[in-house]
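Notes for the structure review
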Amino acid sequence: MIREFQRDDINKVADIWLDTNIKAHNFIPAEYWKSNFKSVKEALLLAEVYVYEYDTEIQGFIGLNVRRHIVGGTYRTLISVQNPLRLCRTGICRSLSAG
């Protein structure tokens, strides 16, 4: 299911962000991502973010900018939610309530 991000999701979403960036960009020292962790958490709380949940566990997330373009997300999200991602690109995310 895709749903809107809630404040209580912040730790899980930020952990996914950190883990994914460390793995996807292993040519960049992990300390770089860790040093930006707090700033990213603060930015996520202000952004339009949707999470993908499976069996009540957050598997991934996507963030949208003011033009509703995808500006952040995770590899897991891209693999698991390809069709809903297309919906978000067209601006339908706000109407999603259950998966």
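Located above this text is the structure these notes cover.
Below or above, wherever it landed, is the structure these notes cover. (Residues numbered from 1 in each chain as written. Predicted model: local features only at pLDDT ≥ 70, side-chain atom pairs only at ≥ 80, totals over all residues. Heavy atoms only, no water.)

**A word on the pairing of strand 3 (residues 57-64)**
Defined as follows: Throughout this description, buried means an accessible area under 20% of the type-specific maximum (1.4 Å probe, protein chains only), exposed means over 50%, and partly exposed covers the range between. Comment: elements are numbered from the N terminus, with helices defined as DSSP H or I runs of at least four residues and strands as E runs of at least two. Strands qualify as paired when DSSP identifies two bridges or more between them.
Extensive coverage of strand 3 is indicated by the burial of 6 of its 8 residues. Where strand 2 (residues 48-54) lies against strand 3, 7 bridges are found, and the strand directions are antiparallel. Looking across to strand 3, one finds that E48 is bridged to L64. Turn length for the strand 2-strand 3 hairpin, with the two strands adjacent in sequence and antiparallel, is 2 residues, and the turn residue D55 shows positive phi of about 55°.

**Comments concerning the packing of helix 1 (residues 10-24) against helix 3 (residues 37-46)**
The following threshold applies: Orientation is described by lines fitted to C-alpha atoms, with helices fitted over the stretch in contact, and by angles between N-to-C directions that extend from 0 to 180 degrees. These descriptions rest on fixed angle ranges, namely under 35 degrees for roughly parallel, over 145 for roughly antiparallel, 65 to 115 for roughly perpendicular, and the rest for oblique. Put simply, a crossing is left-handed when the front helix is turned counterclockwise from the back one by less than a right angle, and right-handed when it is turned clockwise. It only takes one pair of heavy atoms within 4.5 Å for two residues to be counted as in contact. Any residue outside Ala, Val, Leu, Ile, Met, Phe, Trp, Tyr, Cys, Pro, Asp, Glu, Lys and Arg is labelled polar, Gly included; the first ten of those are nonpolar and the last four are charged.
One can describe the packing of helix 1 onto helix 3 by two numbers: an axis separation of 10 Å at closest approach and a directional angle of 130°. For the element pair helix 1 / helix 3, the angle class is oblique. For the crossing formed where helix 1 meets helix 3, the hand is right-handed. Mapping the contact onto sequence places I10, N11, V13, A14, D15, W17 and L18 in helix 1 and F37, V40, K41, L44 and L45 in helix 3. Among the residues making up the contact of helix 1 with helix 3, the classes are represented as 9 nonpolar, 1 polar and 2 charged.

**Description of the pattern of salt bridges**
Pairing of side chains with opposite charge becomes possible as their charged atoms draw close. The line we're drawing: What counts as a salt bridge is simple: a side-chain nitrogen of Lys or Arg found within 4 Å of a carboxyl oxygen of Asp or Glu.
Applying the stated criterion across every chain yields a total of 4 salt bridges. We note a salt bridge from K12 to E57, for which the minimum N-O separation is 3.2 Å. You can see K12 sitting in helix 1 and its partner E57 sitting in strand 3, a full 45 residues away along the chain. Given a relative accessible area of 32%, K12 falls into the partly exposed group. Looking at E57, the relative accessible area reads 38%, which means it is partly exposed. The salt bridge partner of D19 is K23, with a shortest N-O separation of 3.3 Å. Of this pair, D19 and K23 both sit in helix 1, 4 residues apart, which is roughly one turn of the helix. Accessibility expressed as a relative area gives 30% for D19, which makes it partly exposed. Where salt bridges share partners, they join R3, D9 and E53 into one cluster.

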